[in-house]
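What follows is each chain in one-letter form.
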Amino acid sequence: MGERMRSKDWSETPLGPIPSWPQSLKTLVMTMLNSRYPMFLAWGPRRSFLYNDAYSPVLGKRHPHALGQPAGDIWSDIWGVIGPQMDLVLEEGRATWNEDCLLMMERNGYLEETYFTFSYSPAFDDTKRVSGVFCSCNETTGRVLAERRMRILRDLGTHAAQAKTVDEACRTALATLTEYQADVPFALLYLLSADGATLMHAGCAPLGVGLPSGDRTYDLATEAHDPWRLGEAARTGRPVILADLRRQLGPLPKARWPISPDQAVVLPLAAAGQARPAGVLVVGLNPCRMLDAEYESFLHLLGGHIATAISNARAYQEERARAEALAELDRAKTAFFSNVSHEFRTPLTLMLGPVEELLLARSQELSTGAKAQLEIVHRNGLRLLRLVNSLLDFARIEAGRIQARFEATDLAVLTADLASCFRSATQRAGLRLTVDCPALTQPVYVDRDLWEKIVFNLLSNAFKFTFEGDITVLLREQPGSVELIVRDTGVGIPPEAMPRLFERFYRVHNMPSRTHEGTGIGLALVHELVKLHGGTVTAHSECGVGSTFIVALPFGRAHLPADQTASGSESFTGIGADPFVEEALRWLPDEPGLPPVQKRDGPSDVRRHDPVGVGQMAATDGRPRIVLADDNADMRLYVTRILTPHYHVDTVPDGEAALAAIRAQRADLVLSDVMMPRLDGVGLLRALREDPDTRTIPVILLSARAGEESRVEGMEQGADDYLIKPFSARELLARVAAHLRLARLRREAQERVERWSVELEQAVTVKTAELRASQERLRGLATELNLAEQRERKRLAAELHDHLQQMLVLAKIKLGQGKRLAFPLPGCVSALSQADEVLSEALQYTRTLVAELSPPLLRDHGLAAGLKWLGGYMAKHDVVVTVDVPDDVSAALPEDQAVLLFQSVRELLINSWKHAGTGQAAVTMEQRESDLEIRVSDNGVGFDPAVVDAPADPHTFKYGLFSIRERMRALGGSLQVQSGRGKGTVAVLRLPLSRALEQQAERAEAR
């Protein structure tokens, strides 16, 4: 600017040539030019404009023409704001100050919103008179816009984030944008439908102002009229810039600006992590600002805030819908528990009443066994009644329908009486029960029936988890309240379980206890009953040390509903301690709490329900031994009564005891409950299967968990059977007998295979010796015989290998498909491997032959192609085979069945190879409507067809036809042979396709 000033001809300006300038002006100009802060000087009557380099960007396109021009001409667009301030400085000599002053100027070819902080100061000439205005200024447009936009985003985040519905989020966002029309003159909001096919109008800003929005609904699948290009933004997920809006759509809201917007941006509203936008937002742009990088960044954040608000509101709605559905389900469940509990009480009453009458009135007429069974029915009926009452109480509490009656009670006496009911159970268990309930200074208002349930549930819980030591019941008076303390020296509660201890149906997993029975409702019921009394219940526990439960009740009745308090004594209708104590006694081992199993002189009552002949297996001295594991004593007694007439039964209360009993003396069968303390049924099953000595013992799991998933889970763990409680005596006897019979058959089969293996080893030894003797005899012959010798050795080795394979296949068929069996064959293989080098070479040749006929051949090319290949292969070994198998045979056989058929044809061809006169054989295959027929014929010497039905002889290796017949029977098919001495042989294999497909479907379903 100094260079421009020196080169300018000032003689034609009001200021005149530079030498004529007063020294004060020269000094001010030099000061201004040497400053890096934006400054200008308006001097003289015309206010000639002088400025420095730092000020030139403020002028925009008016630079450099503005140098020396009158200030009023240069800033005519903002002279109404700055002119009066300059006049004040020139006339009165007083400086002015402006901070973030809005100046609407056209410095860059359009009306621009700008903000400046500046000061006008008087400029004195050499005579100390004000001759000009000196200005230092700073443009603050960027900061002002940034702060304003930040307020928009802040308010959007604050207000819209509180919305609970999508509609509310949209209304709140548009209301916020209405307050900030400087940056968002107008806005249109559209939401995407659930199926993503339609955009629906959700509102506009300013609120209540009509906008030329076109249709209120846009179908994205069509190219309908879309002035805002909403579909493009929704489909591409990228912003769309709209221009020339005033010409296309007419006047739009001006907001605070003198002109209406002419541009807009269409923003897809996609929150983080969303695959598609939730909607589309049309934002009108400030007509007095350029769409620069800062503006674009603001719009991106604006759309993100609105998208997040909509997403959060939608998530809240979905979560609220889920919560309401769960609440409705919870209410329905509560109502169901309440109704079904009421329904259970009627049949329970009709069962318990007659049983009690029989036990009381006719106890002398009943046999010992009948009386014991009635006692089991009565005892478990009371237990069921207690469980029903607990469910009913809980349901009534949750539904707010429980009718408590609180009365002034001597709580010390009542609590001591209730706690003492457990003394017999604790003594039998070897525990010490301490009851310390001193008299209180004033009565406590309680519902006696409900207080009974609180005390009994806490004592029952302590007894269940305490194996040695003490259970203590204390009553202590505190200022304004009384505390019931139940302390035990049991196993304790893990710290992570403490926060959920009083949740309904919550049970701590893997906790040592006297039983795994329970509903998880006891402590939850205690918590709710204590709340009804206006009290609190807390728990403290340490693993391995014990637990303490503290129930605190306030004195008086001010905290209780007035209509539920009674001044007089109400009748006490509790069900008593018997159900709790009786159930606790059943958790103890059989000896202290249960009578021994009664001996029966006559035939068992269950013998009449023995259709499978189990009684025939129950020999006096050799009865099968069954180990029964169940933590419920009554269940052990019931099952033992059923099985004892037929088997020797050992009962144990858990899996660890069962494992010890089985290892001490092998069992023939194991009956195990699934849920047991210490080691459960699945753990017992796993331990048995991992031990080679117990791996084959049949295991039947007993469980109250019904349903297919539970059954499948049990079978997947390796159980032989899974029996759902309740079960009948007949069903239990039938399943036990069936699995014992299967176990016996497996043992017999194993013994038979072992015997066959020994015989096979002997036969192999004999054949090997013969081969060696033959080798010795042939060793002295001429060299030209070596070829025949080699061929004979290979034939003998192949014959040995084939017969070995036949024995294995036959054994598998006899033992059943899919059964695991460890065949004792290493000895045979070892004997064969000890032959000389020629025999080893022959064995290797045979193994190669078997490998070539592997199942992949059939899987890749089909049975028909496999048979054709087999004919070609046999032709290489001195036998001519004609194969007539149509390529269009499409029998859909499982792979294992196709392999068995393939191997059967191969064995028939080997027989033809051995016995054919001229070395000719034929194979044909035909698929009919219901079966598949394969015919193998030769012109050999023939044989007696009765050989097919003759039993296998391990000493002569007569396994071939017998083995083929057995495997065809296993497939549901047949083998028919037509032969005679000197007449050749025709063998026909038939396989019913329907049966093959059924087996395939059954195997697929089993998998």
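Predicted, not measured: the structure shown is a model, and the values here were computed from it.

A. Summary view of the overall build of the protein. Across its full length, the protein holds 29 helices and 29 strands. Here the protein holds 1007 residues, and 48% of them are scored as buried. Residue pairs at least 24 apart in sequence account for 64% of intrachain contacts in the protein once pairs closer than 6 positions are excluded. With the model as given, the accessible surface of the protein reaches about 50000 Å², and the carbon-plus-sulfur share is 52%.

B. Local environment of the nonpolar core. Judged by nonpolar contacts, the single largest core of 58 residues is most densely connected at Trp451, Leu458, Phe463, Leu484 and Val551. It is helix α14 (residues 448-464) that provides the largest number of residues to this core, a total of nine residues. Apart from the residues within four sequence positions on either side, Leu484 is in contact with Thr415, Trp451, Val455, Leu458, Val473, Leu474, Leu475, Phe549, Ile550 and Val551.

C. Looking closely at the confidence of the model for the protein. Counting all residues, the mean pLDDT for the protein is 78, and 74% of those residues have values of 70 or more. Within the model, the stretch residues 591-620 combines pLDDT values under 50 with 44 contacts to residues more than four positions away or in other chains. With pLDDT under 50 throughout, residues 954-958 is counted as low confidence; its partners more than four residues away or in other chains account for 10 contacts.

D. Spatial organisation of the packing of aromatic side chains. Under the defined criterion, the tally for this structure stands at 13 aromatic pairs. Aromatic pair Phe40 and Tyr55: ring centres 5.3 Å apart, planes at 55°, arrangement tilted. Of the two residues, Phe40 is situated in strand β1 (residues 39-43) and Tyr55 in the loop between β2 (48-51) and α3 (56-59); the sequence distance between them amounts to 15 residues. Of the two residues, Phe40 and Tyr55, neither departs from the other in class, the shared state being buried. Ring centres of Phe40 and Tyr120 lie 6.1 Å apart, and the angle between their planes is 75°; on these two criteria the pair is classed as edge-to-face.

E. Main features of the sheet that holds strand β4 (residues 112-124). Judged by pairing direction, the sheet is antiparallel, and its five strands sit side by side in the order β2-β1-β5-β4-β3 without closing on themselves. Pairing within the sheet leaves two strands with one partner each, and these edge strands are β2 and β3 (96-105). Strand-to-strand, the axes of this sheet are offset by a mean angle of 30°, without reference to chain direction. Its contacts with the sheet put helix α5 (residues 79-92) on β1, β3, β4 and β5 (130-139), and the angle it makes with β4 is roughly 10°. Across the sheet, helix α6 (residues 141-159) is in contact with β3, β4 and β5; its angle to β4 comes to roughly 140°.

F. Fine view of helix α18 (residues 633-643). Across the 11 residues of α18, 10 count as buried, placing the element largely inside the fold. All of the buried residues in α18 are Ala633, Asp634, Met635, Arg636, Leu637, Val639, Thr640, Arg641, Ile642 and Leu643.

G. Highlighting the packing of α14 against helix α15 (residues 522-532). Running from N to C, α14 and α15 point in directions that differ by 145°, and their axes come no closer than 9 Å. Crossing handedness for the pair α14 and α15: left-handed. Residues Leu450, Lys453, Ile454, Asn457, Leu458 and Asn461 of α14 touch α15, and the partners they reach there are Gly522, Leu523, Leu525, Val526, Leu529, Val530 and Leu532. In the contact of α14 with α15, the residues fall into nine nonpolar, three polar and one charged.

H. Quick peek at empty space enclosed by the protein. Here the structure, examined in full by the defined rule, presents four cavities of 30 Å³ or more. Of the voids in this model, the largest cavity is the one considered here, and its volume is about 100 Å³. Phe40, Tyr55, Ile78, Leu103 and Tyr120 are, among the 13 residues lining the largest cavity, the residues nearest its centre. Taken together, the elements giving at least two residues each to the lining of the largest cavity come down to β3, β4 and β5. Counting residues per element, the lining of the largest cavity draws most heavily on β4, which supplies three residues. Considering only residue class, the lining of the largest cavity consists of 13 nonpolar, no polar and no charged.

I. Main features of the side chain of Asp447. Following the sequence through the fold, Asp447 ends up in the loop between β14 (444-446) and α14. Looking at Asp447, its side chain comes within polar contact range of the main-chain nitrogen of Arg405, at 2.8 Å.

J. Quick peek at the pattern of salt bridges. Enumeration according to the criterion identifies 31 salt bridges in this entry. Between Arg148 and Glu113 there is a salt bridge; the shortest N-O distance is 2.8 Å. Of this pair, Arg148 sits in helix α6 while Glu113 sits in strand β4; the two residues are 35 residues apart in sequence, bridging distant segments of the chain. Assigned by exposure class, Arg148 and Glu113 land together as buried. The shortest N-O distance in the salt bridge between Glu324 and Arg320 comes to 3.3 Å.

K. Summary view of the packing of helix α12 (residues 411-420) against α14. Viewed as axis vectors pointing N to C, α12 and α14 meet at an angle of 45°, and their least axial separation amounts to 10 Å. When the axis of α12 is compared with that of α14, the two are oblique. Read as a crossing pair, α12 and α14 show a hand that is right-handed. Contacts between α12 and α14 involve Leu411, Leu414, Thr415, Leu418 and Ala419 from the former and Arg448, Trp451, Glu452, Val455, Phe456 and Leu459 from the latter.

Analysis parameters
- Residues numbered from 1 in each chain as written.
- Predicted model: local features only at pLDDT ≥ 70, side-chain atom pairs only at ≥ 80, totals over all residues.
- Heavy atoms only, no water.
- Helix = DSSP H or I, 4+ residues; strand = E, 2+ residues; numbered from the N terminus.
- Buried < 20%, exposed > 50% of the residue type's maximum accessible area, 1.4 Å probe, protein only.
- Contact = heavy atoms within 4.5 Å.
- Areas by Shrake-Rupley, 256 points an atom, 1.4 Å probe, with all protein chains shown as cover.
- Core = buried A, V, L, I, M, F, W, Y, C linked by side-chain atoms within 4.5 Å.
- pLDDT = per-residue confidence, 0-100.
- Phe/Tyr/Trp six-rings, centres within 6.5 Å; stacked < 30°, edge-to-face > 60°.
- Pairing = 2+ DSSP bridges.
- Axes fitted to C-alpha atoms, helices over the stretch in contact; angles between N-to-C directions.
- Left-handed = near helix turned anticlockwise from the far one by under 90°.
- Nonpolar A, V, L, I, M, F, W, Y, C, P; charged D, E, K, R; others polar.
- 1 Å grid on protein atoms, 1.4 Å probe; cavity = no way out; pocket = protein on both sides within 12 Å on 5 of 7 lines; lining within 4 Å.
- Points joined across faces, edges and corners; volume = space filled by probe spheres on them.
- Polar contact = N/O pair within 3.5 Å; in protein donor to acceptor, adjacent residues only side chain to side chain.
- Salt bridge = Lys/Arg side-chain N within 4 Å of Asp/Glu carboxyl O.
- Parallel < 35°, antiparallel > 145°, perpendicular 65-115°, else oblique.

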